[in-house]
Amino acid sequence: MYICTRLKRREGGGRHSPFFFKGMIEREIVTRLAEEQLAFSDCFLVDVTIKPGNLIVVEIDHDEAVGIDNCVTLSRYIEGRLDRDIEDYDLEVGSSGIGTPFKLVRQYRKNVGREVEVLLKNGEKLSGILQSADDDGIKLTVSKQVKPDGKKRKETISEIQSYRYDEIKYTKNIIRI
């Protein structure tokens, strides 16, 4: 994950807000705050994680690219609505990493036409070009080396294979340098 902004704990001096926390900050509250702010941008929420010690990690994405301004704006919005006098926390707002597994159908759709690695739940690992993604699953063009009967050399064939999301353990972009 590329972290665009991170706000560290500070002692006292928090802003007052209508949100009061006892113990760990609730994921649903941070999710709602992030979605409220992102409704006014082209970015979308990928995930919110609350880790021990109240480390809040907010992961966002964009159909083209996440800019640092997107992260800063969201970070300030969330920071302005959580009360540090009541609950101390660290906040990280960042973009979904290039090699990070996809978590949403929208991420699959945004990466149509790109080379991806797919690990199926049965342990089979594939790489190919993501052809399409809908609410049910994906289509992937996979190239294979085969040796036709009676020939000495292998040939490369490509075929489109379909997979449901419930068959997929993860999918991520392949980065070639």
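Up top is the structure.
### Observations regarding the overall build of the chain
Stage number 1. When helices and strands are tallied, the chain shows three helices and nine strands.
Stage number 2. Each helix (α) and strand (β) of the chain, taken in turn from the N terminus, gives the series β-α-β-β-α-β-α-β-β-β-β-β.
Stage number 3. For the chain, the residues scored as buried account for 42% of the 177 residues in total.
Stage number 4. Intrachain contacts of the chain at a sequence separation of at least 6 include 60% that bridge at least 24 residues.
Stage number 5. When the accessible surface of the chain is totalled, it reaches about 10,600 Å², and 48% of it is carbon and sulfur.

### Quick word on the pairing of strand β2 (residues 43–51)
Stage number 1. The element β2 is largely enclosed, with a buried count of seven among its nine residues.
Stage number 2. Direction of pairing for β2 relative to strand β3 (residues 55–62): antiparallel, over a ladder of eight bridges. Residue Asp47 lies in a different strand from β3, and its bridge partner there is Glu59.

### A word on the nonpolar core
Stage number 1. Counting residues in hydrophobic clusters, the biggest one holds 21 residues, and the most contacted among them are Val30, Ile56, Val58, Ile60, Leu74 and Ile78.
Stage number 2. Going through the elements one at a time, α1 (27–38), β2, β3, α2 (68–79) and β4 (90–95) are the ones with two or more residues in this core.
Stage number 3. Ranked by the residues each element gives to this core, the list is headed by α1, at five residues.
Stage number 4. Here Val58 is in contact with Val30, Ala34, Leu45, Asp47, Val48, Leu74, Ile78, Leu91, Glu92, Val93 and Gly94, once residues within four sequence places are set aside.
Stage number 5. In this structure, Phe102, Leu126, Val142 and Tyr165 belong to the second largest nonpolar core, which totals 14 residues.

Rules behind the numbers
Residue numbers run consecutively from 1 along every chain, following the written order of its sequence. Since the coordinates come from a predicted model, pLDDT governs what is reported: local features require at least 70, and pairs of side-chain atoms require 80 or more to be given and counted, while whole-chain, interface and lining totals use all residues. The side-chain numbers reported here are obtained from all heavy atoms of the structure, hydrogens and water having been left aside. Runs of H or I in DSSP of at least four residues are treated as helices and runs of E of at least two as strands, each being numbered from the N terminus. The rule is simple: take the accessible area with a 1.4 Å probe, protein chains only, and divide by the maximum for that residue type; under 20% is buried, over 50% is exposed, in between is partly exposed. Every residue pair with non-hydrogen atoms within 4.5 Å of one another is taken to be in contact. Per-residue and other accessible areas were derived by the Shrake-Rupley procedure at a 1.4 Å probe size, with only the shown protein chains allowed to occlude residues. At least two DSSP bridges between two strands are required for those strands to pair. What makes a nonpolar core is a set of buried Ala, Val, Leu, Ile, Met, Phe, Trp, Tyr and Cys residues whose side-chain atoms join them at distances within 4.5 Å.

Any functional reading would require information beyond the geometric quantities listed.
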